[in-house]
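What follows is each chain in one-letter form.
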Amino acid sequence: MNTIFKYKDHFVIIFVLLLFTATARPQSAAPKVDWIRPANEKSPPVWGIHNGIVVGLWPASIEQAGQNAEGGPRGLLRIGYEYKGTVYLVNFIAVEPVVDGDMEFSEISPSRVDDKLGKQFWAAPSVDTGSFSPYASTRGVISHPDKLHPETEELSLYVFTEKFLDGAQPYFKLSIRSDKPGELGIQVFNREKSAVMERCAFTATMGNYSRLRLLYLKDTVVDARKLFAGYNDIEFDEKEPYSNERMLKNTKGDLMVVAESNETFDQLASWPQEPRYLSGWHWRYRPFYKLTQYWRVDSGAYDKSLKVRVNGRAKYWSGGSDDKGKYMDIPGGPAFENFELREIYQPGEKFYFGLSLKSAKALIAGF
């Protein structure tokens, strides 16, 4: 009997030692997330993630952040993509609140501050609004949103706007998760004294830069060349929106709509060698890769009013001039310009805008 207890004691000791050794081993650290963040509050207002999406505010250029270069019109989110150490601008996102049936456009509506076109946007780390600054004002807040995957990080910040002429005063929370580096979350709210908004759309406004011509719905692929066939004017060509029932839907109930260029990369990167185009080279596609663009909404986070809206252009934008001679035809024919989701406004509603190196078909297959 004593012999049995002796062996049992030895077994317990060995088991405890093995357990201690296993738990004492240094655990492999989670890979460090390579965020793109302002160095300090006085840095250019640009945030993002390496090998993923990047977002910036006026006046910064996300392609030349830190070099005092102006990154385009005011009243727009600059949307870019970082890959292999270089950031390229890909699109702009405008804010379009609707009050009493009238829609106001953040990039062309005059500011209440200086009467110049474009609303002032500014960033803050929380719902404490602050005031306009051409600088970052916040590096963004890092959190861990997934308890099951504590290694997942999220970078978030709030963006505020001045009051629109119609009285609307939305603000929104931007977020990027390390496990979905190509997506920008946009969650919209309103200030207490804002006019009642019937809708507050976020619209990707520059689809013709990437020559987006194929719109992937659940039951069809809409081709801009066919949809806008015969249109060759300088304005937008508007068509009826598509209901959420026609959007792609995964097994979790999330909805998505996808747009991509119909061209190969070599075709997309080419540029007509004519004087008019050589003087308008800023419209030439600069990234050295193709990107698929999409909007997504979580299951249960939308209602039956949700719609997909696109419009088209046959010619590149030329500042709103009435002189048709200042406009250049988009190589290859009409393309989608505005690409967005529309829904009756509810405070806290959230949409995701995404960029992916995958083709539309590959992206949809993994949805």
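Above: the structure in question.
Bear in mind that the values here come from a model prediction, so they are computed numbers and not experimental data.

Quick notes on the overall build of the chain
Then step 1. The helix and strand inventory of the chain stands at 5 helices and 22 strands.
Then step 2. In terms of overall dimensions, the chain has C-alpha extents of about 105 × 45 × 45 Å along its principal axes.
Then step 3. Taking the intrachain contacts of the chain between residues at least 6 apart in sequence as the baseline, contacts between residues at least 24 apart amount to 68%.
Then step 4. As presented, the chain carries roughly 18200 Å² of accessible surface, and 54% of it is formed by carbon and sulfur atoms.

What about the side chain of Glu-340?
Then step 1. With respect to the helices, strands and loops of the structure, Glu-340 is situated in strand E21 (residues 335-342).
Then step 2. Looking at Glu-340, its side chain comes within polar contact range of the side chain of Thr-203, at 2.6 Å.
Then step 3. Only 2.8 Å separates the side chain of Glu-340 from the side chain of Arg-309, close enough to count as a polar contact.
Then step 4. Non-local contacts of Glu-340, meaning those with residues more than four positions away in its chain, are made with Glu-96, Ala-201, Phe-202, Thr-203, Trp-295, Lys-307, Val-308 and Arg-309.

Examining the packing of aromatic side chains
Then step 1. Enumeration over the complete set of coordinates arrives at 21 aromatic pairs.
Then step 2. For the pair Tyr-158 and Phe-160, a centre-to-centre distance of 6.5 Å together with 25° between the ring planes defines the contact as stacked. As far as the burial class goes, Tyr-158 and Phe-160 line up, both buried.
Then step 3. Ring geometry for Trp-283 and Tyr-316: centres 4.8 Å apart, planes at 20°, overall stacked. Here Trp-283, found in the loop between helix H4 (275-278) and strand E19 (292-297), pairs with Tyr-316, found in the loop between strand E20 (307-313) and E21; they are 33 residues apart in sequence, far enough to count as distant.

Topic: the nonpolar core
Then step 1. Leu-215 and Trp-295 are the most contacted members of the largest nonpolar core, which has 80 residues in total.
Then step 2. Here the element with the most residues in this core is strand E5 (residues 86-99); it accounts for 9 residues.
Then step 3. When residues no more than four places from it in sequence are discounted, the contact partners of Leu-215 are Thr-220, Val-221, Val-222, Tyr-242, Val-257, Val-258, Ala-259, Val-310, Phe-336 and Phe-339.
Then step 4. Grouped together as the second largest cluster of nonpolar side chains are 8 residues, Leu-214, Tyr-216, Met-256 and Ala-360 included.

Looking at the pairing of strand E4 (residues 76-83)
Here is the key point about a regular strand: its side chains alternate between the two faces of the sheet.
Then step 1. Most of E4 sits out of view: 7 of its 8 residues are buried.
Then step 2. Direction of pairing for strand E3 (residues 52-56) relative to E4: antiparallel, over a ladder of 5 bridges. Directly across from Gly-52, in E4, lies its bridge partner Glu-82.
Then step 3. Two strands pair when backbone bridges link them, and E4 and E5 are joined in this way by 8 bridges, in the antiparallel orientation. Bridge pairing in E5 links Leu-77 to Ile-93.
Then step 4. Hairpin connection from E4 to E5: 2 residues lie between these consecutive antiparallel strands, with Lys-84 at a positive phi of about 55°.

Quick notes on the pairing of E21
Then step 1. Counted residue by residue, E21 has 8 buried out of 8 residues, so it is predominantly covered.
Then step 2. In this sheet, E21 lies alongside strand E12 (residues 199-204) in antiparallel orientation, the contact comprising 3 bridges. Residue pairing for E21: Thr-203 is matched across the bridge by Glu-340.
Then step 3. The sheet contact formed by E20 and E21 spans 6 bridges and is antiparallel.

A closer look at the environment of Gly-253
Then step 1. Considering the arrangement of structural elements, one finds Gly-253 in the loop between strand E17 (248-249) and strand E18 (255-261).
Then step 2. Judged by its relative accessible area of 9%, Gly-253 falls in the buried class.
Then step 3. Sequence separation between Gly-253 and Ser-299 is 46 residues; the distance between their C-alpha atoms is 4.6 Å.
Then step 4. Every residue in contact with Gly-253, bar those within four places of it in the chain, is listed here: Ser-299 and Tyr-302.

Section: the pattern of salt bridges
Then step 1. Summed over the entire model, instances satisfying the criterion amount to 19 salt bridges.
Then step 2. In this structure, Arg-309 and Glu-238 form a salt bridge, with 2.8 Å as the shortest nitrogen-oxygen distance. Within this pair, whereas Arg-309 is found in strand E20, its partner Glu-238 is found in strand E15 (residues 237-238), the two being separated by 71 residues in sequence.
Then step 3. Accessibility expressed as a relative area gives 7% for Arg-309, which makes it buried.
Then step 4. Linking Arg-342 and Glu-340 is a salt bridge whose minimum nitrogen-to-oxygen distance equals 2.6 Å.
Then step 5. For Glu-340, a relative accessible area of 0% corresponds to the buried category.
Then step 6. When salt bridges with common partners are traced through the structure, they connect Glu-183, Lys-252, Asp-254, Arg-296 and Asp-298 into a single cluster.

Examining the side chain of Asp-223
Then step 1. Turning to its location among the elements, Asp-223 is positioned in strand E14 (residues 221-223).
Then step 2. Relative accessible area serves as the criterion here: at 13%, Asp-223 is assigned to the buried category.
Then step 3. The residues touching Asp-223, leaving out its near neighbours within four places in the chain, are Arg-213 and Leu-214.

So, how was this worked out
Residues numbered from 1 in each chain as written. Predicted model: local features only at pLDDT ≥ 70, side-chain atom pairs only at ≥ 80, totals over all residues. Heavy atoms only, no water. Helix = DSSP H or I, 4+ residues; strand = E, 2+ residues; numbered from the N terminus. Contact = heavy atoms within 4.5 Å. Areas by Shrake-Rupley, 256 points an atom, 1.4 Å probe, with all protein chains shown as cover. Polar contact = N/O pair within 3.5 Å; in protein donor to acceptor, adjacent residues only side chain to side chain. Phe/Tyr/Trp six-rings, centres within 6.5 Å; stacked < 30°, edge-to-face > 60°. Buried < 20%, exposed > 50% of the residue type's maximum accessible area, 1.4 Å probe, protein only. Core = buried A, V, L, I, M, F, W, Y, C linked by side-chain atoms within 4.5 Å. Pairing = 2+ DSSP bridges. Salt bridge = Lys/Arg side-chain N within 4 Å of Asp/Glu carboxyl O.

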